[in-house]
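# Survey of secondary and tertiary structure
Each chain, letter by letter, is given below.
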Amino acid sequence: MITDKSRDYYIGASDTQYVMMNFNSKTFQRWWRVKIGAEVNEYESIYIDAGNRYEQKILDALFIPYRNEQKIIGQLRVNLDGRTDEEICEVKTHKNKFKVTKAYWQQVQIEMWSFQIYRARILAYQLLPEDYEFDNDIEIERIVHYPVEYEEQFVYEEYFPRFHYLCWCFREEITPSDDGFKEWKGVMNGEIS
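Keep in mind that this is a model prediction, so the values were computed, not measured.

### Points about the environment of Ala-38
- By the element assignment, Ala-38 lies in the loop between α2 (26-35) and α3 (46-61).
- Take Ala-38: its relative accessible area is 54%, and that puts it in the exposed class.
- Ala-38 sits 19 residues away from Lys-57 along the chain, and the two C-alpha atoms are 35 Å apart.

Given below as structure tokens:
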């Protein structure tokens, strides 16, 4: 398991949904305050706890060899659930019908870029009510595999301009905004002198 849980001033692959959202939104602003250490997010639930407990067991059941690797590139910090030599494996547990959300897809894009492995799959495992109470064995037939294709255009043209703007905001101690991003992007592209 990864022992350094502090996420202050780092942007993780699981934060990609926030990097891509409206910077003026309350959700983004709350996330930003946690990132700069002004607030603490100590949200826990039986669902989060069960997901953490079953993650390694799911990877064990599929004989995924590499686990819990972390890569830090500047202020980007990516924690992988697992991988093979050819493929990123992102584990998601759920209690009802699973869907590869935009946030999950975006997260895996940044994981693939960070580790320079351009194939990935999300491993979805439905937890039954009794799985929340006890550590049960993994039933392999309950694991559903969702392949994710790498999309370079998203990473370089959509994600990284916003990521670099947020890194600049960290350094300058400025609260991000949509207008601030447009102005920063204009300066960086030489449109504003």
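### Here we look at α2
- Among all positions in α2, only Phe-28, Gln-29, Trp-31, Trp-32 and Lys-35 are buried. When α2 is viewed along its axis, its buried side chains cluster within an angular range of 160 degrees and face the same direction.
- Contacts from the buried residues of α2 go to β1 (11-12), α1 (16-19) and α6 (152-172).
- Directly after α2, the chain includes Gly-37, whose backbone phi takes a positive value near 85 degrees.

### Side note on the pairing of strand β6 (residues 88-94)
- The element β6 is largely enclosed, with a buried count of six among its seven residues.
- Two elements, strand β5 (residues 82-83) and β6, share two bridges in a ladder whose sense is antiparallel. Bridge assignment links Gly-82 to a residue of β6, and that residue is Cys-89.
- Connecting β5 to the next strand, β6, in antiparallel fashion are four residues.
- Strand direction decides the pairing type here: β6 and strand β7 (residues 119-126), joined by seven bridges, are parallel. Paired with Cys-89 across the two strands is Arg-121, which belongs to β7.
- Tracing the backbone out of β6, into helix α4 (residues 102-115) and back to the parallel element β7 gives a crossover that is right-handed.

What counts, and at which threshold
- Residues numbered from 1 in each chain as written.
- Predicted model: local features only at pLDDT ≥ 70, side-chain atom pairs only at ≥ 80, totals over all residues.
- Heavy atoms only, no water.
- Helix = DSSP H or I, 4+ residues; strand = E, 2+ residues; numbered from the N terminus.
- Buried < 20%, exposed > 50% of the residue type's maximum accessible area, 1.4 Å probe, protein only.
- Arc of directions from axis to C-beta.
- Contact = heavy atoms within 4.5 Å.
- Pairing = 2+ DSSP bridges.
- Right-handed = clockwise from strand over helix to strand, strands pointing away.

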